[in-house]
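# Structure at a glance
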Amino acid sequence: MSDRGVGPDPGAGPVADPVPLSAAQRAASAAIDPAAIASDLLALCAIPSVTGHETDARDHLARALEAIDLDVHAWDADPGVLAADPAFPGMEVPRTALPLVAGTLRGARPGRRLLLVAHTDVVPPGDPETWTTPPFAPTVLDGQVFGRGACDMKGGLVAALAAIRAVATTVGAAGLA
């Protein structure tokens, strides 16, 4: 049975934390920096990364991963080679390059691993007259970020970056598998 919604106002949210956190988990959670998340999201949304032209966004992310001492590998995959695989799911837009980056925080212990995956490409912004703000000049209005890719998928990518940054700075390799 969950503690969620129990109490005088069921819509008020959880009354108690239903999942106890370890000291390392509490430290990592406390290390999440909302100002860094906002800054990272605004910077990434300012990079026009329309499908097929994601190199600048990939390079920006590679620098962010290097800044937290991850092992970083950035490369350009060949879409033609990928498309030759019988299990290839197809492409929405033809492309000649597929810029990729992987950052690895190596743990010192045996055990399970976690993979965080995201993409930096966005669809073309379309008619600029339909935008309240310019698509690649992200703006904060009433606490919300407006800009191309803020929700899909740059916001999720920045959340993953914040999580790995918090884990890297608090738990570190010694505490990870």
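Residues numbered from 1 in each chain as written. Predicted model: local features only at pLDDT ≥ 70, side-chain atom pairs only at ≥ 80, totals over all residues. Heavy atoms only, no water.

## Description of unusual backbone geometry
Quick reminder of the rule: We count a stretch as a helix when DSSP gives it H or I for four or more residues in a row; a strand needs E for two or more, and each element gets its number in order from the N terminus. The cut-offs for exposure are 20% and 50% of the maximum accessible area for each residue type, with area from a 1.4 Å probe on protein chains only; residues under the lower value are buried, those over the upper are exposed, and the others partly exposed.
For the peptide bond that leads from D152 to M153, omega is 15°, which places it in the cis range. Along the chain, the position of M153 falls in helix α5 (residues 150–170). A positive phi is found at D69, a non-glycine position, where the angle reads about 65°. Examined against the element boundaries, D69 turns out to sit in the loop between α3 (55–67) and β1 (71–77). With a relative accessible area of 67%, D69 lands in the exposed category. Notably, D142 is not glycine yet its phi reads approximately 50°, a positive angle. Counting through the fold element by element, D142 comes out in the loop between β3 (139–141) and β4 (144–146). Under the relative-accessibility criterion, D142 is labelled exposed at 83%.

## Looking at the state of the cysteines
Simply put, disulfide is the name for a covalent bond between the sulfur atoms of two cysteines. Selection criterion: When the sulfur atoms of two cysteines come within 2.5 Å, that pair is taken as a disulfide.
For the structure shown, the criterion picks out zero disulfides. Just so you know, C45 is unpaired, no disulfide at all, and the nearest cysteine sulfur is the one on C151, 8.6 Å from it. Since its relative accessible area comes to 0%, C45 is described here as buried. Residue C151 is classed as exposed on the basis of its relative accessible area of 76%.

## A few points about the environment of P34
Note that P34 resides in helix α2 (residues 34–45). Placed 128 residues apart in sequence, P34 and A162 show a C-alpha to C-alpha distance of 8.8 Å.

## Quick word on α2
What counts is decided by this rule: Expected span of a helix, by definition, is 1.5 Å for each gap between consecutive residues, and there is one gap fewer than residues. What the arc covers is the set of directions going from the helix axis to the C-beta atoms. It only takes one pair of heavy atoms within 4.5 Å for two residues to be counted as in contact. The definition of a polar contact used here is a pair of N or O atoms within 3.5 Å, where within protein one atom must be able to donate a hydrogen and the other to accept one, and adjacent residues in sequence count solely through side-chain atom pairs.
Given a rise of 1.5 Å per residue, twelve residues ought to cover 16 Å, and the 16 Å separating the end C-alpha atoms of α2 matches this to within 8%. All of the buried residues along α2 are A36, D40, L41, L44 and C45. In an axial view of α2, the angular spread of the buried residues amounts to 155°, which keeps them on one side of the axis. On its buried side, α2 packs onto α3, β4 and α5. The opening residue of α2, the one whose side-chain oxygen lies 3.1 Å from the backbone nitrogen of A35, is D33.

## Looking at the pattern of salt bridges
Under the convention used in this document: Salt bridges, as used here, are contacts in which a Lys or Arg side-chain nitrogen is within 4 Å of a carboxyl oxygen on Asp or Glu.
Counted by the stated rule, this structure contains six salt bridges. Put simply, R58 and D59 hold a salt bridge, and the shortest N to O gap is 2.7 Å. Under the relative-accessibility criterion, R58 is labelled buried at 8%. The shortest N-O distance in the salt bridge between R95 and D121 comes to 3.9 Å. Placement of the pair is R95 in the loop between α4 (79–83) and β2 (98–104) and D121 in the loop between β2 and β3, with a sequence separation of 26 residues. Among the residues examined, R95 registers a relative accessible area of 16% and is labelled buried. You can call D121 buried: its relative accessible area is 18%.

## Considering the side chain of E54
Inspection of the secondary structure puts E54 in the loop between α2 and α3. Here R95 takes part through its side chain, which lies 2.9 Å from a polar atom of the side chain of E54.

## Re the nonpolar core
Just so we agree on the cut-off: We call a set of buried residues a nonpolar core when its members are Ala, Val, Leu, Ile, Met, Phe, Trp, Tyr or Cys and they connect through side-chain atoms within 4.5 Å of each other.
If you look at the biggest cluster of nonpolar residues, it comprises 15 residues, and the most contacted ones within it are L44, L65, I68, L70, L161 and I164. If you list the elements that add at least two residues to this core, you get α2, α3 and α5. With five residues, the single largest contributor to this core is α5. Setting aside its immediate chain neighbours within four residues, L44 contacts A57, H60, K154, L157 and V158.

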